[in-house]
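An overview of the molecular structure
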Amino acid sequence: MGDIFDFIIIDDDKLNNKICHKIIENTCGKVEIASFLRAEDGLEYIAGKYSVCDPGCKAVILLDINMPEMDAWDFLDEFANATRQVKENVRICILSSSVDQGDMARARKNPLVEHYLIKPLSADAVRMVIDLLNIRYSPGAR
Amino acid sequence: MAHYNFLLLEDDFLDAELIVKKLRIADMSFTYKHVDNRHSFETEISTGAYSAILADNSLPQFNAMEALEICRAKNIEIPFILITGSVSEEYAAEVMKAGAWDYILKDRLQRLPASIENAISKYEANEDRKHFLQNKLASEALLKEAEQIAHYGSWEVDLETGQHRWSDELYRIMGYAAGEMMPNYENFICRIHPGDTHFVQSVIENAIKFKVQEVCSFRLVVANGFVKYVSAGMVVKRSADGKAVKLNGFMHDITELKVAERLEEQVTADLIRRNQDLERFSYIVSHNLRAPVANIVGITHLLTSVRLGEAEHTEYLDDLSVTVAKLDGIIRDISDILHTRSNVNENKEFVVFADLVADITQSMNLLIADSGAIINANFAEVEGMPSLKSHIHSVFFNLISNSIKFRRRAVSPVINIRARRLPSAIVLSFADNGIGIDLQKHGRLLFGLYNRFQADHAEGKGMGLFMVKTQVEALGGRIEVSSVVNEGTEFHIELPLSN
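Given the structure is predicted, the values throughout are model-derived calculations rather than measurements. Within any chain, residue numbers begin from 1 and follow the written order of that chain's sequence. Chain letters and ligand numbers both follow the written order, the letters beginning at A and the numbers at 1. Predicted model: local features are reported for residues with pLDDT of at least 70 only, side-chain atom pairs are reported and counted for 80 or more only, and whole-chain, interface and lining totals are derived from all residues. Here the side-chain values reflect all heavy atoms present in the structure, with hydrogen atoms and water set aside.

**Regarding the overall build of chain A**
Broken down by element type, chain A carries six helices and five strands. Secondary structure counts use DSSP, requiring at least four H or I residues in a row for a helix and at least two E residues in a row for a strand, with both numbered from the N terminus. Of the regular secondary structure in chain A, the N- to C-terminal order runs β-α-β-α-β-α-α-β-α-β-α. For every residue, the accessible area obtained with a 1.4 Å probe (protein chains only) is divided by the maximum for its type, and the residue is called buried under 20%, exposed over 50%, and partly exposed between those limits. Put simply, chain A has 142 residues, and 49% of those count as buried. A contact between two residues is defined here by any heavy atoms of the two lying within 4.5 Å. Pairs at least 24 residues apart make up 67% of the contacts formed inside chain A by residues separated by at least 6 positions.

**Topic: the overall build of chain B**
A tally of regular secondary structure across chain B gives 15 helices and 19 strands. Counting only contacts in chain B whose residues sit at least 6 apart along the sequence, the fraction spanning at least 24 positions is 62%. Each accessible area is a Shrake-Rupley estimate made with a 1.4 Å probe; only the visible protein chains count as cover when residues are assessed. Only carbon and sulfur atoms are counted for the fraction: they give 53% of the accessible area of chain B, which is about 28400 Å².

**Let's talk about the pairing of strand 2 (residues 33–36) of chain A**
Residue and element names in this part refer to chain A. Two strands pair under a simple rule: DSSP has to find at least two bridges between them. In this structure, strand 1 (residues 5–10) lies alongside strand 2, joined through four bridges in parallel fashion. Looking at strand 2, one finds that Ile-8 is bridged to Ala-34. With the strands aimed away from the viewer, a crossover counts as right-handed if its path from the first strand over the helix to the second runs clockwise. The parallel pair strand 1 and strand 2 is bridged by helix 1 (residues 14–28), and the resulting crossover is right-handed.

**With respect to the interface of chain A and chain B**
Counting residues at the interface gives 21 residues for chain A, matched by 24 residues for chain B. Reported buried area values correspond to the accessible surface (1.4 Å probe) lost by two parts on association, with both partners' losses combined. At the boundary of chain A with chain B, total buried surface from both sides reaches about 1900 Å², with 55% on carbon and sulfur atoms. For the chain A face of the interface with chain B, the top three residues by lost area are Lys-18, Lys-22 and Glu-69 of chain A, together amounting to 28%. Any carboxyl oxygen of Asp or Glu within 4 Å of a side-chain nitrogen of Lys or Arg constitutes a salt bridge here. Between the two partners, chain A and chain B, sit three salt bridges. Of the charged contacts in the structure, one is a salt bridge between Lys-22 of chain A and Glu-312 of chain B, with a shortest N-O distance of 2.5 Å. Between N or O atoms, a polar contact is any pair within 3.5 Å; within protein, one atom must be a potential hydrogen donor and the other a potential acceptor, and residues adjacent in sequence are included only when both atoms are from side chains. Linking chain A to chain B there are six residue pairs in polar contact (both at pLDDT 80 or more). A per-class count over the side of chain A that touches chain B returns seven nonpolar, six polar and eight charged. Gly falls in the polar group here, along with every residue not listed as nonpolar (Ala, Val, Leu, Ile, Met, Phe, Trp, Tyr, Cys, Pro) or charged (Asp, Glu, Lys, Arg).

**A look at the pattern of salt bridges**
All names here are of chain B. One pass over the structure, following the stated rule, counts 35 salt bridges over all chains. Between Lys-469 and Glu-473 there is a salt bridge, with its nearest N and O atoms 3.5 Å apart. Of the two residues, Lys-469 and Glu-473 are both situated in helix 15 (residues 464–474); the distance of four residues between them amounts to about one turn of the helix. In this structure Glu-473 comes out as buried when scored by relative accessible area, which is 14%. The salt bridge partner of Glu-494 is Arg-478, with a shortest N-O separation of 3.1 Å. You can see Glu-494 sitting in strand 19 (residues 488–496) and its partner Arg-478 sitting in strand 18 (residues 478–484), a full 16 residues away along the chain.

**Section: helix 2 (residues 38–46) of chain B**
Residues and elements named next belong to chain B. Taken as a whole, helix 2 has its buried residues at Phe-41, Glu-44 and Ile-45. Viewed end-on, helix 2 has its buried residues packed into an arc of 95°, placing them on one side of the element. Packing partners of the buried residues in helix 2 comprise strand 1 (3–9), strand 2 (29–35), strand 3 (52–56), strand 5 (62–63), helix 3 (64–73) and strand 6 (80–84). Backbone geometry just after helix 2 places Gly-48 at a positive phi near 70°. Directions from the helix axis toward the C-beta atoms define the arc.

**Let's talk about the sheet that holds strand 8 (residues 152–158) of chain B**
All names here are of chain B. Strand order in this open sheet of five strands is 9-8-12-11-10, and the pairing throughout is antiparallel. Of all the strands in the sheet, the pair left with one neighbour each is strand 9 (163–166) and strand 10 (213–221). Going from strand to strand, the sheet's axes swing by 20° on average, the running direction of each strand aside. Of the pairings in the sheet, the one linking strand 8 to strand 12 (residues 244–253) comprises seven bridges and is antiparallel in character. Looking across to strand 12, one finds that Trp-155 is bridged to Gly-249. Against the sheet, helix 8 (residues 194–210) touches strand 10, strand 11 (227–238) and strand 12, its axis set at about 160° to strand 10. Every axis in this analysis is a line fitted to C-alpha atoms, fitted for helices over the stretch in contact. Angles between the N-to-C directions lie between 0 and 180 degrees. Sheet strands in contact with helix 9 (residues 255–305) are strand 11 and strand 12, and its direction is about 125° off that of strand 11.

**A word on the side chain of Ser-231 of chain B**
All names here are of chain B. Tracing the sequence through the fold places Ser-231 in strand 11. Its relative accessible area of 19% is what places Ser-231 among the buried residues. Setting aside chain neighbours within four positions, we find Ser-231 in contact with Cys-216, Ser-217, Phe-250, Met-251, His-252 and Ile-254.

**Details of the sheet that holds strand 7 (residues 102–105) of chain B**
All names here are of chain B. Pairing in this open sheet of five strands is parallel, and the strands run 2-1-3-6-7 from one edge to the other. The open sheet terminates on both sides in strands that have one partner only, identified here as strand 2 and strand 7. When the angles between neighbouring strand axes are averaged without regard to direction, this sheet yields 25°. Strand direction decides the pairing type here: strand 3 and strand 6, joined by four bridges, are parallel. Each bridged residue has a counterpart across the sheet, and for Asp-56 the counterpart in strand 6 is Ile-83.

**Focus: the packing of helix 3 of chain B against helix 4 (residues 89–97) of chain B**
All names here are of chain B. It is the contact of helix 3 with helix 4, at a shortest axis distance of 10 Å, that shows an interaxial angle of 10°. In terms of orientation, helix 3 and helix 4 fall into the roughly parallel class. Along the contact surface, helix 3 presents Ala-64, Met-65 and Leu-68, while helix 4 presents Tyr-91, Glu-94 and Val-95. Class assignment for the residues of the contact of helix 3 with helix 4 results in five nonpolar, no polar and one charged. Here roughly perpendicular refers to angles of 65 to 115 degrees, roughly parallel to angles under 35, roughly antiparallel to angles over 145, and oblique to all remaining angles.

As structure tokens, this is what we get:
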């Protein structure tokens, strides 16, 4: 049986975060979703919560590419310096509105990025991520 | 055997026959025309059909001297042989001086054939030499002209005699008049640009010692300090023991080529930069268009296929309207940007900088009052320039408003604006004491479209600096920025003055 994952949305677009929240809830039922408008805030939160070795203490990040101050690439550079524990507990997917080949190639090259999702987040995409990471989700959800 | 055509000037019929007979005996191949008066002589000689003239020295109302004069006047140079009865030595000498090639006494006609052959072969040899010289002169003239057109000069040095030879064009390339002075090494060296003298001298020395040929490029400085670029080369001729004895070389004035090259490099660099700008622009546009569209798709999906409460439903509808408006806004921005890029030549007027500042401070008076902003404008050196008022106004507006917006906490913003005049441009500088920009981190994207790198200052779409750059460039200018974090930022804008 897989682990239960929290969802972390890092995106400066409030409306997108709201939509993602709704979609994830609809697909996974009761699940912990945290969202951050600034990538730095997300980093801080992750370093705090997921550096501990707790069973069921895992998360998947949905990371936007273009954000002011710190963008996805900056975030991934910083994340690479995180502790081994954090890197084991936290998995990363990119969720972007960009359909630019350059962006997709860059994401593919980065070993920390497990998948590249194109906005808007759909129920199917959520299910795919779940299967990919072998996440267990609560029964009865649709 | 050569065939000759003679003009025989003789009034005595029998004498003429005798002459012809003597020539036939000598087996000469010839035709002849017999004339016995001035008029016929003149007519015949003008045809240019004769190989030689055989003339009696005296005819009624005409004589050999007069005949010679006619030949001279008409530039006829074919051999003129006098055939005469006894004549005095003085007369003979006079006739020879007047241009006759030989004289034969009538009772010594056996000498005639040999004399004729001799004279004609000398004449032909002379003609050949003349043609040769003419051709040589013609081709030299052609070469000189060709050298001049190509700005290509040639030279020669005889290392054993120390003698130099320079073509006319070489003199000219070096800034002298053709033949102005004796060509020598010093007169060449003194024309080389001081920065290149050492280099050229060592190249020449080295080539003379070791090489078969050599080329190099360097600069000359001629009258008025005018700098020329030349490409020069030479071939080193050596004696059997390897010693250099002669140098043959050229010098090609490539100044025009160099200037054109520079211009081309600049244009290429410009084009590359513009292309990169356009690529970035189109990336940003497509990204910024896609973002709201993705949200619209997401919301409409939620509205149509997910069960929502009434309040939620209304909320999402509101979100939808906002997002659609945002999308519309972006499309309008693009339209503005494209319009800004293109409409530069309309409506140029003299823009007074102080008026713009007054106008802008008036429209921002609340913001200025709240922030305690102070704007110092110094337009003493330049009060304004002919340009597009809308563009200049926008530049001033955006930079002033940015400086106020990005001020340091608890420090009133001070903005110093100054205009300076350059020979063919006006430089505007905007300096503030705000929070500054980390140019190392953000420099590359500073003027990028929709680039907001200060998330706290969420107002504004991040188009201000992009528009400023677009407008400055549409006016043919450049913008540069320098900044120290927490101390301030300075923008320099250079706008060309068109004649």
